[in-house]
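In case you want the letters, here they are:
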Amino acid sequence: MSLADGSHVSETEVTTAPRPLLLADGRPAARAWSLDPALRHLNHGSFGAVPLAAQQRQNELRTEMERAPVVWFPELPARLAAARVALAAFLGADPGDLALVPNASAGVSVVYAGLERRRGGEIVVTDHGYGAVTMGAERLARRWGGRVRTARVPLDADEEGAYQAVMAEVGEGTALVVADQITSATARRLPVGRLGTELRRRGVPLLVDGAHAPGLIAAPLDGLTCDFWAGNLHKWGCAPRGTAALVARGPLRDALYPLIDSWGAHDPYPDRFDQQGTVDATHYLAAATALDLVGSTWGWPAARRYMDELAGYAEQVVGAAVTRLTGTDARVDVGMPVPGMRLVRLPDGLADSRLAADALRDRAAAELGVEAAFTSFGGVGYVRLSAHVYNTAEDYEYFAERCVPVLGEWARAARERHRTS
Ligand SMILES: Cc1ncc(COP(=O)(O)O)c(C=O)c1O
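To start, this report covers the structure provided alongside it. (Residues numbered from 1 in each chain as written. Predicted model: local features only at pLDDT ≥ 70, side-chain atom pairs only at ≥ 80, totals over all residues. Heavy atoms only, no water.)

## Some thoughts on the overall build of the protein chain
Logical step 1: Counting secondary structure elements, the protein chain contains 11 helices and 12 strands.
Logical step 2: Projected onto its principal axes, the C-alpha positions of the protein chain cover 65 × 60 × 40 Å.
Logical step 3: Out of the 421 residues in the protein chain, the part that is buried amounts to 54%.
Logical step 4: Taking contacts inside the protein chain between residues at least 6 apart in sequence as the whole, the part at least 24 apart equals 72%.
Logical step 5: Roughly 18200 Å² of accessible area belongs to the protein chain as shown, and the carbon and sulfur atoms make up 51% of that amount.
Logical step 6: Between the centroid of the 44 positive side chains of the protein chain and the centroid of its 50 negative side chains there is a distance of 2 Å. (Helix = DSSP H or I, 4+ residues; strand = E, 2+ residues; numbered from the N terminus. Buried < 20%, exposed > 50% of the residue type's maximum accessible area, 1.4 Å probe, protein only. Contact = heavy atoms within 4.5 Å. Areas by Shrake-Rupley, 256 points an atom, 1.4 Å probe, with all protein chains shown as cover. Lys, Arg positive; Asp, Glu negative; His and termini not counted. Charge placed at Lys NZ, Arg CZ, Asp CG, Glu CD.)

Here it is as structure tokens:
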């Protein structure tokens, strides 16, 4: 295919899709989830999806809780401490470093609330940071009388380029660095391992936002040097929502307390997080059921391989469709890509801001029957394609054939509105 810029994209570059995964009884993998078959689910990354087995396990636990609440709650801390062991093994962490928190945002908030002002009070973030996490850093810096410094990491930066871009913002005044293990809008990795080693040497704390890492990266904490890490089991791990981990290593962890003051306050870290007043904590206890479903049916390494191959196929099929439509290569050169997620550039006029991207997500769900992630980075709009075990090639072929032409129409209309406004 000839492109407007004179280059060529070969249709034969599209590799074959991986064979769909099946359950032990031969049914499609999707049957283990309760996702609406009338919709296409191409955005596992944003909110995850909980398999039926884990939903059922959580319902059983809720029934147990409701049968005898006065027995349930006093026993809960010990059950949560036991649950931490399985989750820590999955993450490659020491259970003694791991506290349960309801989401990655809460884990980050705990760190922001616990840190004392240090040195110049500057916090280094990147321009790929998750908006809510960056806003929290800005508030903390204001409280400290410091400021946020934003490292600009080009989308195509390799490990060396990304490392240098972040370290260029680190100086005498740096009190904290916040870096994503996997970025949200741009579906790329940042070199948190290398950053962690160097920042430890300089005595600068590193908070790793690992929201997307559990399940996508095998044992994301194994060998990682950092003071703090927060990540979700309810995204790629498919745990019931509200299941996340905060991992803290080093002396600063003793300053970390749950966001809810409760009876564990005098306990050491991380035990004090096992008491959060009267809350429904059944999601933590049911999380292992979700991890086991994938682990025992396909094995996590094979599941990850499938997700990555399928994401690669999705990128090619959808990328080719957008390229045909616009005449401009829609493929995106992402440095340090991640398994299971890919970016494809949208036609100009779509998702040029975060708000526009969110509005496009809502419109696509309502009018196209597609749950998809649209993101914006540097004023450019992308569709971020996710692939989990329940997805098949047909999901992305449908999107390419049926949705991309409509996106083209919407883009044309948006450009026209922009021109006449
Ligand atoms: C990089 C990143 N950080 C933090 C979060 C927040 O996760 P949660 O809403 O579960 O707190 C997300 C969610 O998508 C994310 O992608």
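And the narrative resumes.
## Here we look at the pattern of salt bridges
Logical step 1: Evaluated as defined, the whole model comprises 26 salt bridges.
Logical step 2: Two residues, arginine 62 and aspartate 280, come together in a salt bridge whose shortest N-O distance is 2.7 Å. Taken as a pair, arginine 62 in helix α2 (residues 52–67) and aspartate 280 in the loop between β8 (244–248) and α8 (282–297) lie far apart in primary sequence, 218 residues in all.
Logical step 3: Residue aspartate 280 is classed as partly exposed on the basis of its relative accessible area, which comes to 29%. (Salt bridge = Lys/Arg side-chain N within 4 Å of Asp/Glu carboxyl O.)

## Side note on the layout of surface pockets
Logical step 1: One number sums up the size of the largest pocket: a volume of about 1100 Å³.
Logical step 2: Together, 48 residues line the largest pocket, and Tyr130, Gly131, Ser184, Ala185 and Arg354 are the ones closest to its centre.
Logical step 3: If you list the elements that add at least two residues to the lining of the largest pocket, you get α1 (44–47), α4 (104–114), β3 (122–126), α5 (131–144), β4 (148–151), α10 (354–368) and β11 (373–377).
Logical step 4: With 6 residues, the single largest contributor to the lining of the largest pocket is α5.
Logical step 5: Tallied by class, residues from the lining of the largest pocket come to 16 nonpolar, 21 polar and 11 charged.
Logical step 6: In this structure, the second largest pocket spans a volume of roughly 400 Å³.
Logical step 7: Forming the walls of the second largest pocket are 19 residues, and the residues nearest its centre are Ala30, Pro37, Leu39, Tyr390 and Asp395.
Logical step 8: The residue inventory of the lining of the second largest pocket, partitioned by class, reads 12 nonpolar, 3 polar and 4 charged. (1 Å grid on protein atoms, 1.4 Å probe; cavity = no way out; pocket = protein on both sides within 12 Å on 5 of 7 lines; lining within 4 Å. Points joined across faces, edges and corners; volume = space filled by probe spheres on them. Nonpolar A, V, L, I, M, F, W, Y, C, P; charged D, E, K, R; others polar.)

## Side note on the environment of threonine 420
Logical step 1: With respect to the helices and strands, threonine 420 occurs in helix α11 (residues 393–420).
Logical step 2: The class of threonine 420 is exposed, set by a relative accessible area of 56%.
Logical step 3: Between the C-alpha atoms of threonine 420 and glycine 107, which are 313 residues apart in sequence, the distance is 46 Å.
Logical step 4: Among the polar contacts made by the side chain of threonine 420, one reaches the main-chain carbonyl oxygen of glutamate 416 at a distance of 3.0 Å. (Polar contact = N/O pair within 3.5 Å; in protein donor to acceptor, adjacent residues only side chain to side chain.)

## Some points on a negative patch on the surface
Logical step 1: Residues Asp156, Asp158, Glu159 and Asp333 make up a contiguous surface patch of negative charge.
Logical step 2: Judged by relative accessible area, aspartate 158 falls into the partly exposed class, the value being 46%. (Patch = residues over 30% accessible without salt bridge, like charges linked within 9 Å, V, L, I, M, F, W, Y side chains within 5 Å.)

## What to know about the site of the ligand
Logical step 1: Looking at the ligand, there are 13 residues lining it, with Ser105, Asp209, Asn232, His234 and Lys235 nearest.
Logical step 2: The protein chains hide 88% of the 390 Å² of surface that the ligand would expose on its own.
Logical step 3: Assessed atom by atom at 2 Å from the grid points, the ligand resides in the largest pocket.
Logical step 4: Of the residues contributing to the shell around the ligand, the split by class is 4 nonpolar, 6 polar and 3 charged. (Near = heavy atom within 4 Å. Sits in = over half its atoms within 2 Å of the grid points.)

## Some remarks on the packing of α4 against α5
Logical step 1: Viewed as axis vectors pointing N to C, α4 and α5 meet at an angle of 10°, and their least axial separation amounts to 10 Å. The orientation of α4 with respect to α5, classified from their angle, is roughly parallel. Touching Val108, Tyr112 and Ala113 of α4 are Val133, Gly136, Ala137, Leu140 and Arg143, all from α5.
Logical step 2: Split into classes, the residues belonging to the contact of α4 with α5 amount to 6 nonpolar, 1 polar and 1 charged. (Axes fitted to C-alpha atoms, helices over the stretch in contact; angles between N-to-C directions. Parallel < 35°, antiparallel > 145°, perpendicular 65-115°, else oblique.)

## A short note on the nonpolar core
The tendency in soluble globular proteins is for nonpolar side chains to be buried as a group.
Logical step 1: Ranked by size, the top nonpolar core spans 112 residues in total, and within it Trp33, Leu91, Trp229, Val318, Phe374 and Phe399 carry the most contacts.
Logical step 2: The element that contributes the greatest number of residues to this core is helix α9 (residues 300–326), accounting for 12 residues.
Logical step 3: With residues up to four places along the chain from it excluded, the contact list for phenylalanine 374 reads Leu346, Ala357, Leu360, Arg361, Ala364, Tyr382, Val383, Phe399 and Leu407.
Logical step 4: One finds Val110, Ile123, Leu176 and Ala230 within the second-largest nonpolar core, a separate group that totals 28 residues. (Core = buried A, V, L, I, M, F, W, Y, C linked by side-chain atoms within 4.5 Å.)

## Regarding α4
Logical step 1: Among the 11 residues that make up α4, 8 are buried, leaving the element largely enclosed by the rest of the structure.
Logical step 2: For α4, the complete set of buried residues consists of Ala104, Ala106, Gly107, Val108, Val110, Val111, Tyr112 and Gly114.
Logical step 3: As for α4, its buried residues are in contact with β2 (98–101), α5, β5 (174–180), β6 (206–209), β7 (228–232) and β8.

## Considerations on the packing of helix α3 (residues 69–91) against α8
Logical step 1: Direction vectors running N to C along α3 and α8 enclose 35°, while the axes themselves pass 8 Å from each other. When the axes of α3 and α8 are compared, the crossing they make is left-handed. Each of Trp72, Leu76, Arg79, Leu80, Ala83, Leu87 and Phe90 in α3 lies in contact with α8, whose residues at this interface are Thr282, Tyr284, Leu285, Ala287 and Leu291.
Logical step 2: Considering only residue class, the contact of α3 with α8 consists of 10 nonpolar, 1 polar and 1 charged. (Left-handed = near helix turned anticlockwise from the far one by under 90°.)

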